[in-house]
Amino acid sequence: MTKIALTIAGSDSGGGAGVQADLRTFAFHKIHGTSAITCVTAQNTVGVTDVAAITPKLVQAQLAAIFDDMSVDAVKTGMLLNQEIIEAVAKFIRERNVHPLVVDPVMVSRAGVQLIDDSAVISLKTSLLPQATIITPNLYEARILSNQEINTVEEMKQAAVTIQKQLGVPVVLIKGGGLSDRYQSPDVWFDGHNGEILTGERIVTKNTHGTGCTLSSAIAANLALGKDLLTAVKEAKHYVTVALQNSLDIGQGNGPVGHFFPLLL
Ligand SMILES: Nc1ncnc2c1ncn2[C@@H]1O[C@H](COP(=O)(O)OP(=O)(O)OP(=O)(O)O)[C@@H](O)[C@H]1O
Ligand SMILES: Cc1ncc(COP(=O)(O)O)c(N)n1
């Protein structure tokens with residue numbers, strides 16, 4: 001049976017992150033990808049120059065069109081832009097009991113660019129994150145969610161515990177791509193009982209655009225395939241590492257990771 005995954009996220013005109021990265025990741029995992037687009041960004045490898053929201057009504061209509069017709073095996077959320085869209089998505093997820101749900105709480109890109117409105121952070125915390133199966137903040141987002149400084153793996157561990165307990169999310173995975181470690185890119189897992197450091201070789205490349213989107217959509221893809229959560233995360237991290245090894249030197253800034261390495265036909 002063909003498995004189906006859904007991304008609820010923004011469009012990246014440059015094709016490196018957002019819905020474009022998510023659909024490629026689903027396809028790599030041999031999963032049919034569906035999408036509910038929340039906003040359109042004018043973006044390239046250098047940055048975001050403009051953004052426009054899709055109306056919450058149209059976001060909900062996309063979700064209804066998908067769920068009224070298909071059986072969705074796993075869902076991820078990415079850039080949700082504003083409070084109204086977050087509330088509309090959270091309401092749909094609550095009413096339809098949507099799961100498993102991977103929430104990438106996209107607020108700030110690794111380059112430090114703010115990707116959602118200030119008022120949206122509160123809605124994200126109170127309406128959406130508590131419904132997630134797992135959340136995957138980067139270092140900036142984990143700082144905002146835990147209200148603490150994070151510069152080391154030890155501080156990542158403390159922040160993961162704080163976020164898990166305060167928000168009541170089953171599992172928190174803090175991504176360490178933004179750490180200043182030359183050899184490793186560790187992510188920290190905390191599930192309320194066990195903490196784990198997921199180690200990974202650091203790939204030296206400037207072409208890291210889309211790593212966060214790719215990780216969360218690969219986790220959703222692995223969940224759709226029926227893998228348990230920790231296995232889904234470990235395999236997704238490995239996928240991102242190999243995609244970074246095969247990243248594309250496109251554009252003048254940070255190019256995208258390579259989602260389709262070696263494509264054997
Ligand atoms: N240079 C790297 N080498 C190896 N793994 C990396 C590297 N950079 C990021 N990662 C991994 O990529 C995943 C995404 O982490 P990252 O911290 O980059 O998220 P993000 O900030 O949301 O991503 P983005 O750069 O797309 O905004 C994590 O598993 C992280 O460990
Ligand atoms: C439309 C959109 N969604 C998400 C991100 C963050 O991307 P990432 O954290 O993977 O670089 C982005 N730059 N653009």
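Residues numbered from 1 in each chain as written. Chains lettered and ligands numbered in written order. Predicted model: local features only at pLDDT ≥ 70, side-chain atom pairs only at ≥ 80, totals over all residues.

As annotated in an unreviewed UniProt entry, the protein carries the name Hydroxymethylpyrimidine/phosphomethylpyrimidine kinase and is attributed to Hyella patelloides LEGE 07179. Comment text from UniProt for the protein, heading Pathway (unreviewed entry), reads "Cofactor biosynthesis; thiamine diphosphate biosynthesis; 4-amino-2-methyl-5-diphosphomethylpyrimidine from 5-amino-1-(5-phospho-D-ribosyl)imidazole: step 3/3." (UniProt positions renumbered as here; feature names shortened; annotations may be inferred.)

Colleague: Would you mind going over the nonpolar core with me for this structure?
Modeller: The nonpolar side chains of a soluble globular protein tend to be buried with one another. Val89, Val172, Ile219 and Ala220 are the most contacted members of the largest nonpolar core, which has 68 residues in total. Setting aside anything within four residues of it in sequence, one finds Val89 in contact with Ile8, Val59, Thr77, Leu80 and Leu128. (Core = buried A, V, L, I, M, F, W, Y, C linked by C-beta atoms within 7 Å. Buried ≥ 20, exposed ≤ 12 C-beta atoms within 10 Å, placed from the backbone. Contact = placed C-beta atoms within 7 Å.)

Colleague: For this particular structure, what's the right way to read the site of ligand 2?
Modeller: Near ligand 2, the surroundings consist of 19 residues, among which Gly10, Ala17, Gly18, Gly212 and Cys213 are the closest. Broken down by secondary-structure element, the contributors of at least two residues to the shell around ligand 2 are strand 1 (4-12), strand 2 (32-43) and helix 7 (211-224). Considering every element that reaches the shell around ligand 2, the biggest residue donor is strand 1, with four residues. Counted by class, the shell around ligand 2 contains six nonpolar, eleven polar and two charged residues. (Near = placed C-beta within 6 Å. Helix = DSSP H or I, 4+ residues; strand = E, 2+ residues; numbered from the N terminus. Nonpolar A, V, L, I, M, F, W, Y, C, P; charged D, E, K, R; others polar.)

Colleague: What exactly am I supposed to notice about the sheet that holds strand 7 (residues 171-174) here?
Modeller: Pairing between sheet strands relies on hydrogen bonds along the backbone, with the strands arranged either parallel or antiparallel. Here we have nine strands laid out as an open sheet, ordered 3-2-1-4-5-6-7-8-9, and mixed in their pairing. Two strands bound the open sheet, and with one partner strand each, they are strand 3 (48-53) and strand 9 (195-198). Bridge count for strand 5 (residues 101-103) against strand 6 (residues 134-135) is two bridges, and the pairing is parallel. Bridge pairing in strand 6 places Val103 opposite Ile135. Along the sheet, helix 1 (residues 18-28) contacts strand 1, strand 2 and strand 4 (74-77); its crossing angle with strand 1, the most-contacted strand, is approximately 150°. Lying on the sheet, helix 2 (residues 56-67) is in contact with strand 1 and strand 2; it crosses strand 2 at an angle near 165°. (Pairing = 2+ DSSP bridges. Axes fitted to C-alpha atoms, helices over the stretch in contact; angles between N-to-C directions.)

Colleague: It is not clear to me how the pairing of strand 1 should be interpreted in this structure. Could you clarify?
Modeller: Consecutive side chains along a regular strand alternate between the two faces of the sheet. Among the nine residues that make up strand 1, eight are buried, leaving the element largely enclosed by the rest of the structure. In this structure, strand 1 lies alongside strand 2, joined through eight bridges in parallel fashion. For Leu6, the partnering residue across the bridge sits in strand 2 and is Thr34. Chirality of the crossover, the property in question, places the unit of strand 1, helix 1 and strand 2 among those that are right-handed. Of the strand pairs in this sheet, strand 1 and strand 4 are connected by four bridges, and their pairing is parallel. When the bridges of strand 4 are listed, Ala5 appears paired with Ala74. (Right-handed = clockwise from strand over helix to strand, strands pointing away.)

Colleague: Where do I start with the confidence of the model for the protein in this structure?
Modeller: Interpretation of the predicted coordinates at a detailed level should be avoided for regions scoring low in pLDDT. Averaged over the protein, the pLDDT score is 95; the fraction of residues at 70 or greater is 98%. The complex prediction reports pTM at 0.97, with the ipTM value standing at 0.96. (pLDDT = per-residue confidence, 0-100.)

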